[in-house]
Amino acid sequence: MERLAFTKMQGLGNDFVVLDGVTRRLALAPEQIRHLADRRLGVGCDQVLVVEPATAPDADFRYRIFNADGGEVEHCGNGVRCLARFLLERGLTERRELTLQTGEGRAVVRVCSDGPVTVDMGPPILDPARIPFQAPAEATSYALRVDGTMLEIAAVSMGNPHAVLAVEDVDRAPVAQLGPSIESHPDFPRRVNAGFMQVVDRGHIRLRVFERGVGETLACGTGACAAVVAGRLRGWLDDSVAVDLPGGRLVIHWSGRGEPVWMTGPAVTVFDGVISI
Ligand SMILES: N[C@H](CCC[C@H](N)C(=O)O)C(=O)O
């Protein structure tokens, strides 16, 4: 057993155990990630985030994301905001604007002095082969058979895969019933996050997300980006959209194909701790 220092953080209730892999290299096994994420036996979180020295010349730091099920994934929007604040508060940087490298992607994060954090999340990926999603060609919506029912979804990657379903009322959306079946649908070979989006007007949506590897969370940053991209491509939304999730509001801006998606929202440090693992 070793003693591991961590910081508990959250972005609109999407919560994280954040680890400093810069001062000392960390190599955690999936069962150790699951233990950290366990809300009774460990610390409890939706994702474990590890920040490390960058390996790419254009990045300041690299970060790795692990879902509560122990699986490593490509991106985390709420998490990248929390990481930028973590780096500043731990004295690992003095810069308020940072380029964070994640998988193949980059996020440029700006920590505002009065609280909110803005992120250039990069452009969405719409090519099915890169999402990845099994479809003959790119489209603004796809028919997907789930539990014997044909659903109309959008498929968008922000580095991580998202299926977005439009619903009349998110409060009555079948998140628990359909979320697991969409998450593990065979047409998404790496599984998928399932977003349930209610369009309120052209500048406002409500959203719930059944996250890959976690289940329903209070907020999903990449899910909010993917939902706005999906809605804008369908002609339902303008460039700037307020996204109300169960945990609170994100503001997303996307001016169209090839352009980056911008996300603004909070990042909160809850407590520091040490756990034997
Ligand atoms: N569950 C996601 C990772 C975390 C995304 C979410 N917490 C966010 O804020 O973007 C996935 O498997 O792709």
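Residues numbered from 1 in each chain as written. Predicted model: local features only at pLDDT ≥ 70, side-chain atom pairs only at ≥ 80, totals over all residues. Heavy atoms only, no water.

- Under the annotation held in an unreviewed UniProt entry, the protein carries the name Diaminopimelate epimerase and is attributed to Sediminicurvatus halobius.
- Of the protein, the UniProt comment under Pathway (unreviewed entry) reads exactly: "Amino-acid biosynthesis; L-lysine biosynthesis via DAP pathway; DL-2,6-diaminopimelate from LL-2,6-diaminopimelate: step 1/1."
- Listed in UniProt under the heading Sequence similarities (unreviewed entry), the comment for the protein reads: "Belongs to the diaminopimelate epimerase family." (UniProt positions renumbered as here; feature names shortened; annotations may be inferred.)

What about the overall build of the protein?
At step 1: Counting its secondary structure elements, the protein contains four helices and 18 strands.
At step 2: Against the 2.2 N^0.38 benchmark of 19 Å for 277 residues, the protein shows a C-alpha radius of gyration of 18 Å, consistent with a compact globule.
At step 3: Reported as C-alpha extents along the three principal axes, the dimensions of the protein are approximately 50 × 35 × 35 Å.
At step 4: For the protein, with 277 residues in total, the buried portion stands at 53%.
At step 5: For the protein, long-range pairs separated by at least 24 residues make up 61% of all intrachain contacts whose partners lie at least 6 apart in sequence.
At step 6: Just so you have it, the protein exposes about 11,500 Å², and 49% of that area is on carbon and sulfur atoms.
At step 7: One finds the centroid of the 29 positive side-chain charges in the protein at a distance of 2 Å from the centroid of its 35 negative side-chain charges. (Helix = DSSP H or I, 4+ residues; strand = E, 2+ residues; numbered from the N terminus. Rg over C-alpha atoms; globule rule 2.2 N^0.38 Å. Buried < 20%, exposed > 50% of the residue type's maximum accessible area, 1.4 Å probe, protein only. Contact = heavy atoms within 4.5 Å. Areas by Shrake-Rupley, 256 points an atom, 1.4 Å probe, with all protein chains shown as cover. Lys, Arg positive; Asp, Glu negative; His and termini not counted. Charge placed at Lys NZ, Arg CZ, Asp CG, Glu CD.)

A short note on the environment of Pro180
At step 1: Assignment of secondary structure puts Pro180 in helix α3 (residues 175-183).
At step 2: Judged by relative accessible area, which is 34%, Pro180 ranks as partly exposed.
At step 3: C-alpha separation for the pair Pro180 and Glu216, spaced 36 residues apart in sequence, amounts to 9.6 Å.
At step 4: With near-sequence residues (within four places) excluded, Pro180 lies in contact with Val175 and Phe210.

Structural notes on a nonpolar patch on the surface
At step 1: A surface patch of nonpolar side chains, about 230 Å² in accessible area, is lined by Val268, Val270 and Phe271.
At step 2: Among the structural elements, Val270 can be located in strand β18 (residues 268-276).
At step 3: Among the residues examined, Val270 registers a relative accessible area of 47% and is labelled partly exposed. (Patch = residues over 30% accessible without salt bridge, like charges linked within 9 Å, V, L, I, M, F, W, Y side chains within 5 Å. Salt bridge = Lys/Arg side-chain N within 4 Å of Asp/Glu carboxyl O.)

Quick look at unusual backbone geometry
Among all residues save glycine, negative phi is the norm, and among peptide bonds the norm is trans.
At step 1: Going from Ile131 to Pro132, the amide bond is cis rather than trans, its omega being -10°.
At step 2: With respect to the element layout, Pro132 can be found in the loop between β8 (117-120) and β9 (142-146).
At step 3: Phi at Asp147 takes a positive value of approximately 50°, unusual for a residue other than glycine.
At step 4: Examined against the element boundaries, Asp147 turns out to sit in the loop between β9 and β10 (149-157).

Considering the domain arrangement of the protein
At step 1: Here the domain parsing of the protein yields domain 1 (3-120 + 266-276) and domain 2 (128-259).
At step 2: Just the C-alpha atoms count here: the centres of domain 1 and domain 2 sit 23 Å apart.
At step 3: Three residues, Leu12, Glu74 and His75, lead the burial of domain 1 against domain 2; their summed loss comes to 44% of the area buried on that side.
At step 4: Across the domain 1-domain 2 interface, the total number found is three salt bridges.
At step 5: One salt bridge connects Glu74 with Arg190, and the closest N-O pair in it is separated by 3.2 Å.
At step 6: Sorting elements by how many residues they give to the side of domain 1 that touches domain 2 places helix α2 (residues 77-89) first, with three residues. (Domains from an automatic or database assignment. Buried area = accessible area lost by both parts, 1.4 Å probe.)

Considerations on the UniProt feature "site: Important for dimerization" (unreviewed entry) in the protein
At step 1: Mapped onto the present numbering, the UniProt feature "site: Important for dimerization" (unreviewed entry) falls at Phe271.
At step 2: Each residue touching Phe271, except ones within four places of it in the same chain, is listed here: Phe6, Thr7, Lys8 and Val43.

Brief notes about the pattern of salt bridges
At step 1: This model, assessed by the stated rule, comprises 24 salt bridges.
At step 2: Residue Asp169 pairs with Arg206 through a salt bridge whose shortest N-O separation is 3.8 Å. Pair noted here: Asp169 is in the loop between β11 (161-166) and α3 and Arg206 is in strand β13 (residues 204-211), with a separation of 37 residues, a long-range link.
At step 3: Residue Arg206 is classed as partly exposed on the basis of its relative accessible area of 25%.
At step 4: Residue Glu183 is joined to Arg191 by a salt bridge in which the shortest nitrogen-to-oxygen separation is 3.2 Å.

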